[in-house]
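The residues making up each chain are set out below.
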Amino acid sequence: MIKFFLMVNKQGQTRLSRYYEHVEINKRTMLEAEVIKNCLSRSKDQCSFIEYKDFKLIYRQYAALFIVVGINETENEMAVYELIHNFVEVLDKYFSRVSELDVSFSVSEIHLP
């Protein structure tokens, strides 16, 4: 099951976040900071799957954007990895060229289930 979905720029600023489980606002801030730090500190040669606390992080980098998905242990990592790519392809078609500016200015137009 997907726990959360984040879009983050290279500076570590969250551009879009969606949680599928209740997480208090102050805990979200701490969680996002730790998750972002873990993902941005990794090199391109390292795996895009990270075991973190009681869940796994799956992330992909597209230009200046990182897309991070938190999942539970039973979810298929490769399926989520492909889901991220498909999501970016849809955004690319919709915006013609996905960038951080598209995401930050058009968040109200993106409706995640």
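Residue numbers run consecutively from 1 along every chain, following the written order of its sequence. The model is predicted, so local features are restricted to residues of pLDDT at least 70 and side-chain atom pairs to those at 80 or more, both for listing and for counting; the totals for chains, interfaces and linings are taken over all residues. With hydrogens and water stripped out, all remaining heavy atoms of the structure feed into the side-chain values.

### As for helix H1 (residues 25–40)
So, point 1. Between its terminal C-alpha atoms H1 stretches 22 Å, which fits the 22 Å expected from 16 residues at 1.5 Å a residue.
So, point 2. The buried label applies to any residue whose accessible area, calculated with a 1.4 Å probe on protein chains only, is under 20% of its type's maximum; exposed applies above 50%, and partly exposed to all values in between. The numbering of helices and of strands both runs from the N terminus, where a helix is a DSSP run of H or I of at least 4 residues and a strand a run of E of at least 2. Leu31, Glu32, Val35, Ile36 and Cys39 are the residues of H1 that are buried. Looking straight down H1, one finds its buried side chains confined to an arc of 125°; they lie on one side. Exposed side chains of H1 directed beyond 90 degrees from the buried face belong to Asn26, Thr29, Met30 and Lys37.
So, point 3. Every residue pair with non-hydrogen atoms within 4.5 Å of one another is taken to be in contact. Contact partners of the buried residues in H1: strand E1 (2–9), strand E2 (14–19), strand E3 (49–52), strand E4 (55–62) and strand E5 (65–71). The span you would expect from a helix comes to 1.5 Å times its residue count less one. Here the arc refers to the directions that run from the helix axis out to each C-beta atom.

### Regarding the sheet that holds E4
So, point 1. If DSSP finds at least two bridges between two strands, the strands pair. Strand order in the open sheet made by the 5 strands is E2-E1-E5-E4-E3, with antiparallel pairing throughout. Strands with a single pairing partner mark the edges of an open sheet, and in this sheet they are E2 and E3. The average angle at which neighbouring strand axes cross in this sheet is 20°, direction not considered.
So, point 2. With 7 bridges connecting them, E1 and E5 associate as antiparallel partners. When the sheet's bridge partners are listed, isoleucine 2 is paired in E5 with isoleucine 71. Lines fitted to C-alpha atoms define the axes here, with helix axes fitted over just the stretch in contact, and angles between the N-to-C directions of these axes take values from 0 to 180 degrees.

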